[in-house]
Amino acid sequence: MLTYIIRRLLLLIPTLLGITLLVFLVMAMAPGGIGGPMLDELGGQLQTAQMQRVRAYYEQRYGLDKPALVQYARWINQISPVGFEVMPDGSLGEWGFKRPDLGMSLTRHRPVIDLIAEALPITLLLNLISVPIVYSVGILSGMLAARYRGQWFDVSSGVAFLALWSVPTIWAGVMLIGLLANKQYIQLFPTAGLHSMLADSMPFLPRWTESGFEPGWLLDALWHLVLPVTCLSYAGFAFLSKLTRSSILENLSADYVRTARAKGVGERDVLLRHVFRNSLLALITVAAGILPSLLAGSVIVETIFSIPGMGRLGVQAVQYRDRELVLAVTLIAGFIGLVSELLRDVCYAIADPRVSYE
Amino acid sequence: MDNRFGFKDLVFTLLLAVFIISVWLAMKQMDRHGDVLRSIDQKLTDQTRDLARLRRLLDQGSLALSPGHGSNPGSATQGSGDQGESPAQADPFARIRAVQQNPDYALGDFYVDVFAVVPDRLTPLVSSDVYASTVQGYVLESLAQRDPETLEWQPLIASDWTIEDNTDAWRAYMQRQEAEGAATAPAADAADDPERPIPLAITFRLRPGVVFSDGEPLTADDVVFTFDWIMNPEVEAPRERAYYEKILRVEKVDELAVRFVFKEPYYQAFELAAVMPILPEHFYSRWTPQEFNQSTGLLMGSGPYRLEDPEGWRPEPGKNIELVRNERYWGEPPAFDRLVWRIIENDAARLTTFRNGDIDEFPAQPEQYQMLLKDPDVQSRTQHFEFQSPTAGYLYIGWNQLRSGKPTIFADRRVRQALTMLIDRQRIVDEVMLGYAQVVSGPFNPLSPQSDPSVEPWPYDPTRAAALLKEVGFEDRNRDGVLELPDGRPLRFELNYPAGSEVFERIVLFIKDTLARGGVVMDPKPLEWSVLLQRVKDDRNYDAVSLGWSGTIESDPYQIFHSSQIPAPGDNSTSYANPQLDALIEQARMTVNEEERMPLWHQVHRILHEDQPYTFLFTRKTLVFFDGRIKNIQRTRLGLNPLQEWYVPQEQRKWSR
């Protein structure tokens, strides 16, 4: 098992190189090339000669004047812990161990790592709240639907979840704001952001005072998350619920279930101890998708509720063909994706004794 | 069965999770306390320093009257020179003082506006977005500013100025040099010649008593430092360097006087010097250029507002941007305690937020404007303004005259004039822009003194257009409704425009229809922005393009219409050349005196109108709603009066901390 894991981990490196190279080449060949849209916007009120100088400055500063493959090689050198030291003027120094660096964003002139450090907490927060909701609702309703197959719960939950699944997030988000955060209808929730205007001077926990109920900082923050989390979660129920239902149904008609029932095991134990455990394999396959999506973020939800996380960061990077930012986001997403595939394979072996990688 | 995950394990795990979350929340709360403590600590240090300064001054027995509160110290020496004198009433706060006389005037409340995204950084010079410059506009101040009513320059940090205009001596010298240079070998770099006269210099006398928001006085050293800092090649401000490159150097004359020396006569010289935001030397010199480049929020100045922490601002998703009133401001204090910018990206969310009354300003699109005007609730709570701003840009159609080295059908001026007359611009304004725009006759804003008021836009006149086209040779020879040349080539072209913009989409489709009625076939072709720019600017491989230019009060036509800007990637992408116009533009740019310069711009305007290198479409009106509790928002020639003059009466106050 251990050798298998080590082998897989070593295989990660060439795979990641391939992924980033492919993304890089597509970016380099897109109209305008690397950093093109950013350089185009430099114009403004400047005259041609001045603009050329500004452009040349940025091209030199970020090495955009070099051939595409040289730029990629420099990036590889920059992120690897072993390689040439890069001097402040751009020349290469000595070979050896150095600090890996994700570089500077071309368009925002800030270290990529800072930009990610700002966006990631938002995405993690949203997903750490919505993923457990999606999973617990999806799996529980799937189990119940399988247990009472064909009865009213099965039918109604199926229809309701499918209906939710078909609603586009972009429409739902705007409707939620328009209906639940609008003075003309029901003003329950805030329209945007993560905190109220005066959140800084609020007490931390909710409390009752003479003037009435004060929500406090914590509740205020959670209150701001209700609509975005709703938007992120509602579409996920259908898939998980249907998946759980079908794999449980499959197992319910298996021989070992009949045996268990025949020897007098209670229906509850049959479902939870025998069938559920055997149905886990299908769920593990799906769960491997959570890790990457925890970090990926959702452009639509982030834009509608004005909470810029990883999704927006990535899309913006692509729009401006921001070399460092695109490659860093690709690298991280690729790494997490591949690692979760590996985790999935390991989980198979744990959940099912028949699976082995020896 | 013994290693089964049982009920007890579940409870234990849950308890552990709750414990971890509580610890995390407690730490979060401690952080909040820490922030509050830090800001209190900062305030205390500031106050101690202020007290020490006061005591020092009292000991010296020379407590100078602050210029903002005392009598008017300006209008002292007035130098000679063409337009050198500063205006007679040199009190930049007269308007605020007048408002303060209103019976319901009160300090207090917040002003809440919206940004679409969090700016990446607020540090001046290295920040690049419009949001950052909006914030900086309230924190940093420059030597002079335009009066909102007269558009004349009015002193701010400077109390007055003198302009030495040596253009004639300089020109004579340059001509002599040129004559000699032709005789002797390649003209030696003339810049080092001590005999070379200075073409133009402006001396600003600084107002005594101006202080930065930390209480340090603003002196000539700060002005010199600001210029040198911008010009420092290690500071990542290539745009600003290009902008200020016409300035040779900035010299300190004495503690309260600086002299800007220019390399050549330049019509915008005064504006360049006057709008440079002055940075405090004692603050910014604490960082190396590299640290400055990397910083996100080093922002301090002498303006009416300041950052609560001038060193430590960082962009944080979901958090508002706030400025607090600079209580040490040297002039009249503005009314609002705080300026807050919320981050709302989605347009529908922004509209809803404004309807809920949670933000104070809403710039509307024409459709939204009409819809909101019909809403009685919005009507009763808000005030709205609809005006033409002198800084608004314009939309146009550019006719490419040279494609792969060969002149196109648009190289003939009559074709361009005819096409303009075939496009009913007034109807576009009325139907697409719902009337909230104005047809323009040239590149200058109709409200700018640059624009010649006698030039009327070309009329919509299909008959005259047909006659003009017939003169060129375009006629409907085969009766298919399309005009053709004698060799059978139809009058057909492709119009490129930016994809994804609804306004352009509708305008272009409208133009297609009106042109078709005149027998001209136009194929609309939207392109993604970077592809469009590459085609138009670099490859020049297009028939016609519809785009917009942004505007300033006095804009520079050199960039767009001078023939020297034809080679790619110059902005004269239609390859339009007119030697007479070139000479006029060059002359105007060298003319520092405004009264002599404006007639030259008027001539430029007339030539461009006659030549129609572009079909000039229209300039948009600004449509904006404000919350009703804000008083004294007024129209001025510059648009709206500055926010420093607005206030909220005591009983209508909404926010306080």
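Residues numbered from 1 in each chain as written. Chains lettered and ligands numbered in written order. Predicted model: local features only at pLDDT ≥ 70, side-chain atom pairs only at ≥ 80, totals over all residues. Heavy atoms only, no water.

1. Let's talk about the overall build of chain A
On a plain count of helices and strands, chain A comes out with 15 helices and four strands. The C-alpha atoms of chain A give a radius of gyration of 26 Å, which is well past the 21 Å a tight globule of 358 residues would have. Counting only C-alpha atoms, chain A reaches 85 × 65 × 40 Å along its principal axes. Per-residue burial for chain A yields a buried fraction of 44% across its 358 residues. Sequence-distant contacts in chain A: of pairs separated by 6 or more residues, those separated by 24 or more amount to 65%. When the 28 basic and 26 acidic side-chain charges of chain A are each reduced to a single mean position, those positions are 7 Å apart. (Helix = DSSP H or I, 4+ residues; strand = E, 2+ residues; numbered from the N terminus. Rg over C-alpha atoms; globule rule 2.2 N^0.38 Å. Buried < 20%, exposed > 50% of the residue type's maximum accessible area, 1.4 Å probe, protein only. Contact = heavy atoms within 4.5 Å. Lys, Arg positive; Asp, Glu negative; His and termini not counted. Charge placed at Lys NZ, Arg CZ, Asp CG, Glu CD.)

2. Quick look at the overall build of chain B
For chain B, the count of helices and strands is 20 helices and 24 strands. Dimensions along the principal axes, computed over C-alpha positions, put chain B at roughly 90 × 85 × 60 Å. Counting contacts in chain B only where the partners sit at least 6 residues apart, residues at least 24 apart contribute 72% of the total. Roughly 29400 Å² of accessible area belongs to chain B as shown, and the carbon and sulfur atoms make up 54% of that amount. (Areas by Shrake-Rupley, 256 points an atom, 1.4 Å probe, with all protein chains shown as cover.)

3. Observations concerning the nonpolar core
All names here are of chain B. Grouped together as the largest cluster of nonpolar side chains are 109 residues, with contacts concentrated most on F204 and F260. The element that contributes the greatest number of residues to this core is helix 5 (residues 220-231), accounting for seven residues. Excluding anything up to four places from it in sequence, F204 contacts L143, A158, D160, W161, L256, A257, V258, F260, F270, A273 and A274. Within the second largest apolar cluster, 39 residues are counted, among which are A418, M421, I423 and L495. (Core = buried A, V, L, I, M, F, W, Y, C linked by side-chain atoms within 4.5 Å.)

4. A look at the pairing of strand 13 (residues 394-399) of chain B
Residues and elements named next belong to chain B. Counting buried residues in strand 13 gives six out of six residues, a clear majority hidden from the surface. In strand 13, alternate side chains face the same way, and those of Y394, Y396 and G398 on one face and L395, I397 and W399 on the other are all buried. Judged from the three bridges that link them, strand 13 and strand 20 (residues 614-616) form a sheet pairing that is antiparallel. Bridging across to strand 20, Y396 finds its partner in F616. (Pairing = 2+ DSSP bridges.)

5. So, the sheet that holds strand 8 (residues 305-306) of chain B
Read across the open sheet, the four strands follow the order 1-10-9-8 (chain B); overall the sheet is mixed. The open sheet has two edge strands with one neighbour each: strand 1 (110-115) and strand 8 of chain B.

6. Brief notes about the pairing of strand 9 (residues 321-325) of chain B
Consecutive side chains of a regular strand alternate in pointing toward one face of the sheet and then the other. All names here are of chain B. Across the five residues that make up strand 9, a large majority, five, are buried. Across two bridges, strand 8 lies against strand 9 in antiparallel orientation. Bridge pairing in strand 9 places R306 opposite V324.

7. Observations regarding the pattern of salt bridges
Residue and element names in this part refer to chain B. This model, assessed by the stated rule, comprises 52 salt bridges over all chains. In this structure, R95 and E645 form a salt bridge, with 2.9 Å as the shortest nitrogen-oxygen distance. A residue pair is termed long-range when its members are at least 10 positions apart, and R95 in helix 2 (residues 94-100) and E645 in the segment after strand 24 (639-640) qualify at 550 residues. By relative accessible area, which is 24% here, R95 ends up partly exposed. Taking the relative accessible area as the measure of exposure, E645 reaches 7% and is therefore buried. The salt bridge involving D377 is made with R381; its shortest N-O contact spans 3.9 Å. Of this pair, D377 and R381 both sit in helix 12 (residues 376-381), four residues apart, which is roughly one turn of that helix. (Salt bridge = Lys/Arg side-chain N within 4 Å of Asp/Glu carboxyl O.)

8. Some details on the packing of helix 1 (residues 2-29) of chain A against helix 15 (residues 323-351) of chain A
Residues and elements named next belong to chain A. Where helix 1 contacts helix 15, the two axes come as close as 9 Å, and the packing angle between them is 150°. In terms of axis orientation, helix 1 runs roughly antiparallel to helix 15. Regarding helix 1 and helix 15, the two cross each other, and that crossing is right-handed. For the contact of helix 1 with helix 15, the residue count by class is 17 nonpolar, four polar and four charged. (Axes fitted to C-alpha atoms, helices over the stretch in contact; angles between N-to-C directions. Parallel < 35°, antiparallel > 145°, perpendicular 65-115°, else oblique. Left-handed = near helix turned anticlockwise from the far one by under 90°. Nonpolar A, V, L, I, M, F, W, Y, C, P; charged D, E, K, R; others polar.)

9. What about unusual backbone geometry?
If you check the backbone angles, A:S306 has positive phi at about 50° while not being a glycine. Position of A:S306 among the secondary structure elements: in the loop between helix 13 (299-304) and helix 14 (310-319). Positive phi outside glycine occurs at B:R540, with the angle close to 55°. For B:R540, the location among the structural elements is in the loop between helix 17 (529-539) and strand 19 (544-549). In this structure B:R540 comes out as buried when scored by relative accessible area, which is 9%.

10. Re the environment of A:L21
All names here are of chain A. Assignment of secondary structure puts L21 in helix 1. Each C-alpha atom, one on L21 and one on A160, is 43 Å from the other, the two residues being 139 residues apart in sequence. Those residues in contact with L21 that lie beyond four places of it in its chain are L69 and Y72.

11. A closer look at the interface of chain A and chain B
Listed by partner, the interface residues are 60 residues for chain A and 65 residues for chain B. Where chain A abuts chain B, roughly 5400 Å² becomes buried across the two surfaces, and 49% of that area is made up of carbon and sulfur atoms. Joining chain A to chain B, the criterion identifies five salt bridges. For B:E345, the salt bridge is made with A:R312, and the minimal N-O distance between the two is 2.5 Å. When residues of the side of chain A that touches chain B are traced back to their parent elements, those giving at least two are helix 2 (36-40), helix 3 (48-61), helix 5 (112-147), helix 7 (169-180), helix 8 (216-233) and helix 13 of chain A. (Buried area = accessible area lost by both parts, 1.4 Å probe.)

12. What to know about the sheet that holds strand 11 (residues 361-363) of chain B
Residues and elements named next belong to chain B. With antiparallel pairing, the three strands of this open sheet are ordered in space as 11-22-12. On the outer flanks of this sheet lie strand 11 and strand 12 (382-387), each paired with one strand and no other. Sheet twist, expressed as the average angle between the axes of neighbouring strands with direction ignored, equals 20°. In terms of strand pairing, strand 11 meets strand 22 (residues 622-627) through three bridges, oriented antiparallel. Note on strand 22: the bridge partner recorded for P363 is V624. Most of the contacts of helix 11 (residues 366-374) go to strand 22, to which it runs at about 40°, and overall it touches strand 11, strand 12 and strand 22.

13. Describing the side chain of A:R108
Relative to the helices and strands, A:R108 resides in the loop between strand 2 (92-97) and helix 5. Here the side chain of A:R108 touches B:D120 through a polar contact of 2.7 Å, side chain to side chain. (Polar contact = N/O pair within 3.5 Å; in protein donor to acceptor, adjacent residues only side chain to side chain.)

14. Thoughts on a nonpolar patch on the surface
All names here are of chain A. Together, I170, W171, M175, L179, Y185, I186, L188, W223 and I300 line one region of the surface with nonpolar side chains, adding up to about 910 Å² of accessible area. It is helix 7 that contributes the most residues to the nonpolar patch, four residues altogether. Tracing the chain through its elements places W223 in helix 8. (Patch = residues over 30% accessible without salt bridge, like charges linked within 9 Å, V, L, I, M, F, W, Y side chains within 5 Å.)

15. Regarding the packing of aromatic side chains
Counted under the stated rule, the structure contains 49 aromatic pairs over all chains. Taking the centre distance of 5.4 Å and the plane angle of 50° together, the rings of A:F161 and A:F237 count as tilted. In this pair, A:F161 sits in helix 6 (residues 152-165) while A:F237 sits in helix 9 (residues 237-252), placing the two residues 76 residues apart along the sequence. A:F237 shares its class with A:F161; the two are buried. Measuring from centroid to centroid gives 5.4 Å for B:Y369 and B:F625, while their planes differ by 55°, and the two rings are tilted. Highlighted residues: B:Y369 in helix 11 and B:F625 in strand 22, separated in sequence by 256 residues. When sorted by exposure, B:Y369 lands in the same class as B:F625, which is buried. (Phe/Tyr/Trp six-rings, centres within 6.5 Å; stacked < 30°, edge-to-face > 60°.)

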